Amino acid sequence: MDQTHIRNFSIIAHIDHGKSTLADRILQLTGAVSEREMREQVLDSMDLERERGITIKAQAVRVMYTADDGQEYQLNLIDTPGHVDFSYEVSRSLAACEGALLVVDASQGIEAQTLANAYLAIEGDLELVPVLNKIDLPAADPDLHARALADLIGDDPDHVLRISAKTGQGVKDVLEAIVTRMPPPEGDRDAPLRALVFDSVYDQYRGVVAFVRVVDGELRTGQQVRAMATASNFTAEEVGVMSPAMTPIGHLSAGESGYIVTGLKSLVDLRVGDTLTLAGAPAAEPLPGYREAKPMVFCGLFPVDSDEYPDLRDALEKLSLNDASLVWEPETSQALGFGFRCGFLGLLHMDIIRERLEREYDLDLITTTPNVEYEVATTGGDVLEVRSPVDLPSPNHIEHIGEPYVRCTMLVPQDFVGAVMGLCQERRGTFVTMMPIENRQQVVYDMPLAEIVLDFYDQLKSRTRGYASLDYEPIGLRQSPLVKLDILLAGEPVDALSMIVHRDSAYARGKGLVERLKETIPRQMFEVPVQAAIGGKIIARETVKAKRKDVLAKCYGGDISRKRKLLEKQKEGKKRMKHVGNVEVPQEAFLAVLQLDGSSSQ
Amino acid sequence: MNGGDPAGVAHLYVHLPFCASRCGYCAFVVEVGREDARDDYLGAVLAELGRERAVLGPLRTVYLGGGTPTLMGAERLQALLAAIRPLLAPGAEVTVEANPETVTRGLAGALAAAGVTRVSLGAQSTRPHLLQVLDRRAMPGDAERAAAAIRAAGIPQLSVDLMLAVPGQSGDDLAADLAWVAALGPDHVSWYELEFKEGSAIARGPHRPPGEDLAADLYEQAITGLEALGYRWYELANFALPGAECRHSMAYWHARDYLGLGVGAVSTIRGERRRNAPGLERYMAALAQGAAPPRTHDALDADTLRRERWMLATRLDEPLDIAWAGRPDRPAALDALAARGLVERGEGTVRLTRRGRLLQNAVVQQIMDFA
């Protein structure tokens, strides 16, 4: 098709602002999906995604639309992941588009995520079409939010479309705006092939399937293709489009989006952001913007029952097939036995993986404190990447420690600005700027990522009654005076409870943690001291008192079987405990570290 | 070793399920009302006795429990005891459970005449506000009157049941119970911690059990208080003046065979545990037709029997004979427990220390693998 009749676009929206519903409605209105086939959120294929209302895997769907000018257009809807953890994927998806629908809930207004992705789109020179969704809601205030939305992108409030994706009202106008306001692609069909990989999935029968936007040249089934960054070579076994099911069409030319079945066996061989070219006639330069998605958050995952270790390994292998950003390596803990140290793009990514392991693979897991990757310069002149507190060298071997920082952008109702600033200060934030947006304040802080990965988001929500929204982006390493906080149970250090903390907050963290552990660890047959220590020096102590009474009240002839079964059941319950030395520690104790200092939570 | 007694089973339990009302904490097999069924029930129990009597040797102990056995009325109890009497060994212990409000002088006299040697009186508490929590029907003074009637009838031994860790119970409440025991002077006291059993009304109600520390305080107060009065803490929940231990209960804790008759009753005979099904009508109907009552049968393997012996015998203050009970699953645990002062080791014996007894549940789980 002539490039002037092609539009590649994304939908940008905050979680729950109705992106998936609008996408469904577009499919329906263009006849790509019949009424009968219509399901809620056709584009989100995994149950977990649907349950959480989050899109994890971007896909490209082609629909044909006959516009009011009587001409037929090819619209490629490139779906974007909806969470800050996946912002690199978002940037690649946007790079595949010339325009984007900026969708905002007419009752909620702009959120931090909207801002972040809108800025990404503006930076990428995309034509933004502002859309207010959910105007059918009683709480909707379209006039107010239209003005704010127009301000944000420097547009006229009258250009803001007002729709209800749920009822279908105004969706036709959205399609017209895509055709009339967004520019067509401008690739050179005669140049050597350059196709941007903006997503990939692993199919157990067909191998890696890449979703691409052809920028220059043409791609045909059977051609030899090279991925320029990873230097993988493969044959384009099938070239097609999603409409929305996979439909082979044999070729994609400049300006078009679609998929390629590569036959590659691992997602590691084909990374998002890479440029595909023809092995026989390669392009001189790849498309700009490629980087390897780097895990930001790490934690140990251990099976509660050590017999499940091989099952955990199998499950991680399977999940990795479809998730190139999940990294893992074996880890051994004195307390928890054999497990894996896993790296994730962010907290949500971590939660999703952990939940899938437990739900889809039926594993019982202990998760250790999440932490970030530190860069440690040793006195010997080495630079170490430290992903686990256990690997932190002793203080006298540390020259300095670099910790990853992020720039946090929060949108906060005026009344809660003080509370949010207080929270950011407690978490070692450095104030950057503040400016009003609509009736709220955009508050920007630079913060250590380590402070975000624990309970920052929960705290932010609880201190603003759920009204604040958060986005962040990495801004590199900064030197910090960090120390390793150890936890001792009955005098023995428990490696799985160690964490790396700022020197100044070590006492409060240690104190909060031992208090929490005291509440979580059940009484044992003997007194269990719970201590926090830095470099061998005890900084806080609590005691789990010894059990005073544990008897089965009475036991006569009629009770014997029942009592014995009670003991059997209690034994079964103890299997879910980890034996750390002589101390029986429940799973929850390893999560106690996540809930942090009670002192600062009020 | 299966616990079988070559001379035949020497311990008999008879379950008499009738109650005037169900107490809030009760999860036993009881029948509220149904006084019309008592004759048929007596007939059924006697029929079951006839069916099972071949396993019995001379009976050293008999225990009529419930329910409220005294609600059977003097005549039926006399008929039942008359059928049992020829089976008794010389000097046999014959216990009947009774609720204080049901014991009259007439009833006590009838029991004495029928050969009853011991009455266990379910007082539970002397404090009206706690009796109310427990849904008990007795009024202040009932227990004293019952005790007087039992003694006047010449029944040699009196035991009282009390409860601790009742919601709302304070140390002062427990001290009042102790003073009452001191004044009454029973031969034997059973002092149970109230259990919030699944299915009981109290577990569904608004009351919650006291915390571990308060329950432990009350338990220790009961133990030291009774010891000061001369009672020996011979089993976790039982206290006796010298020589007044309940011999029937001792048979359970020594893992001996016993025959249980009546609806819901449990027997353990030669490595088999069987339980008559609950359900009064089905029980009576089966026996009326000359059949065995509906039952479940469980064969207890050697490991289970061994673990049960440890579970039961460590409840007693006497040393456990390892040769009798069988090997511990985790012998090393015994040393660790000894090092912590929870058990004392003797020549082939193990005995729980006072602190060990308070933690008997945890201690026995360290020694044996219940699985």
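A. Quick peek at the overall build of chain B. Per the secondary structure count, chain B includes 15 helices and 17 strands. Of all 371 residues assigned to chain B, the portion counted as buried reaches 47%. At a minimum sequence separation of 6, the contacts of chain B that also span at least 24 residues come to 73%.

B. Up close: the interface of chain A and chain B. Taken residue by residue, the interface counts 22 residues in chain A and 33 residues in chain B. Of the residues in the side of chain A that touches chain B, the class split is nine nonpolar, four polar and nine charged.

C. Local environment of the environment of Thr409 of chain A. All names here are of chain A. Position of Thr409 relative to the elements: it lies in strand β23 (residues 398-413). Spatially, the C-alpha atoms of Thr409 and Ser469 are 8.2 Å apart, while their sequence positions differ by 60 residues. In this structure Thr409 touches Ala112, Leu115, Ala116, Gln442, Val444, Asp471 and Tyr472, once residues within four positions along its chain are discounted.

D. Expanded view of the sheet that holds strand β17 (residues 297-303) of chain A. Residue and element names in this part refer to chain A. As summarised here, the arrangement of the four strands in space is β18-β19-β17-β20, forming an open sheet in which the pairing is antiparallel. What marks the edges here is a single partner per strand, and that holds for β18 (327-333) and β20 (365-367). Neighbour-to-neighbour, the strand axes of this sheet turn through a mean angle of 30°, independent of strand direction. Bridge count for β18 against strand β19 (residues 337-344) is seven bridges, and the pairing is antiparallel. When the bridges of β19 are listed, Glu329 appears paired with Arg341.

E. A look at the pairing of strand β2 (residues 60-66) of chain A. Residue and element names in this part refer to chain A. β2 sits mainly inside the fold: five of its seven residues count as buried. Inspection of the sheet shows β2 paired to strand β3 (residues 72-78) by seven bridges, in the antiparallel sense. When the bridges of β3 are listed, Val61 appears paired with Leu77. In sequence, β2 turns back onto β3 through a hairpin of five residues, with Gly70 there showing a positive phi of about 85°.

F. Up close: the nonpolar core. Among the nonpolar cores identified, the biggest contains 168 residues, and Ala100, Leu101, Leu102, Val212 and Met410 of chain A are the most heavily contacted of them. With residues up to four places along the chain from it excluded, the contact list for Leu102 of chain A reads Ile12, Thr114, Ala118, Leu128, Val129, Pro130, Val131 and Ile153 of chain A. Counting 116 residues, the second largest nonpolar core, distinct from the first, contains Cys555 of chain A together with Leu71, Val96 and Val133 of chain B.

G. View of the packing of helix α2 (residues 74-84) of chain B against helix α3 (residues 105-113) of chain B. All names here are of chain B. The contact between α2 and α3 brings their axes to 10 Å, and the two run at 10°. Relative to α3, the element α2 is oriented roughly parallel. Of the residues in α3, those in contact with Ala74, Leu77 and Gln78 of α2 are Gly106, Leu107, Ala110 and Leu111. A class-by-class count of the residues in the contact of α2 with α3 yields five nonpolar, two polar and no charged.

H. Structural detail: the confidence of the model for chain A. Of all residues in chain A, 93% have pLDDT values of 70 or greater, and the mean over the chain is 87. Within the model, the stretch residues 43-58 of chain A combines pLDDT values under 50 with 38 contacts to residues more than four positions away or in other chains.

I. Region of the structure containing the sheet that holds β3 of chain A. Residue and element names in this part refer to chain A. Strand order in the open sheet made by the six strands is β2-β3-β1-β4-β5-β6, with mixed pairing throughout. Strands with a single pairing partner mark the edges of an open sheet, and in this sheet they are β2 and β6 (161-162). The strands that helix α1 (residues 19-29) touches are β1 (6-13), β2, β3, β4 (99-105) and β5 (127-133); relative to β1, the one it contacts most, it runs at about 150°. In the packing of helix α4 (residues 112-123) onto the sheet, contacts are made with β1, β4 and β5, and the angle to β1 comes to roughly 155°.

J. Structural detail: unusual backbone geometry. With omega at 15°, the peptide bond leading from Gly66 of chain B into Gly67 of chain B counts as cis. Assignment of secondary structure puts Gly67 of chain B in the loop between β4 (56-66) and α2. Its identity is not glycine, yet Ala490 of chain A carries a phi of approximately 50°, on the positive side. Relative to the assigned elements, Ala490 of chain A resides in the loop between β27 (482-489) and β28 (492-493).

K. Quick look at helix α15 (residues 360-367) of chain B. Extensive coverage of α15 of chain B is indicated by the burial of seven of its eight residues. All of the buried residues in α15 of chain B are Gln360, Asn361, Val363, Val364, Gln365, Gln366 and Ile367 of chain B. On its buried face, α15 of chain B sits against α13 (560-574) of chain A together with α11 (302-313), α13 (331-339), β16 (343-345), β17 (349-352) and α14 (354-358) of chain B.

Definitions and cut-offs
Residues numbered from 1 in each chain as written. Chains lettered and ligands numbered in written order. Predicted model: local features only at pLDDT ≥ 70, side-chain atom pairs only at ≥ 80, totals over all residues. Helix = DSSP H or I, 4+ residues; strand = E, 2+ residues; numbered from the N terminus. Buried ≥ 20, exposed ≤ 12 C-beta atoms within 10 Å, placed from the backbone. Contact = placed C-beta atoms within 7 Å. Nonpolar A, V, L, I, M, F, W, Y, C, P; charged D, E, K, R; others polar. Pairing = 2+ DSSP bridges. Axes fitted to C-alpha atoms, helices over the stretch in contact; angles between N-to-C directions. Core = buried A, V, L, I, M, F, W, Y, C linked by C-beta atoms within 7 Å. Parallel < 35°, antiparallel > 145°, perpendicular 65-115°, else oblique. pLDDT = per-residue confidence, 0-100.

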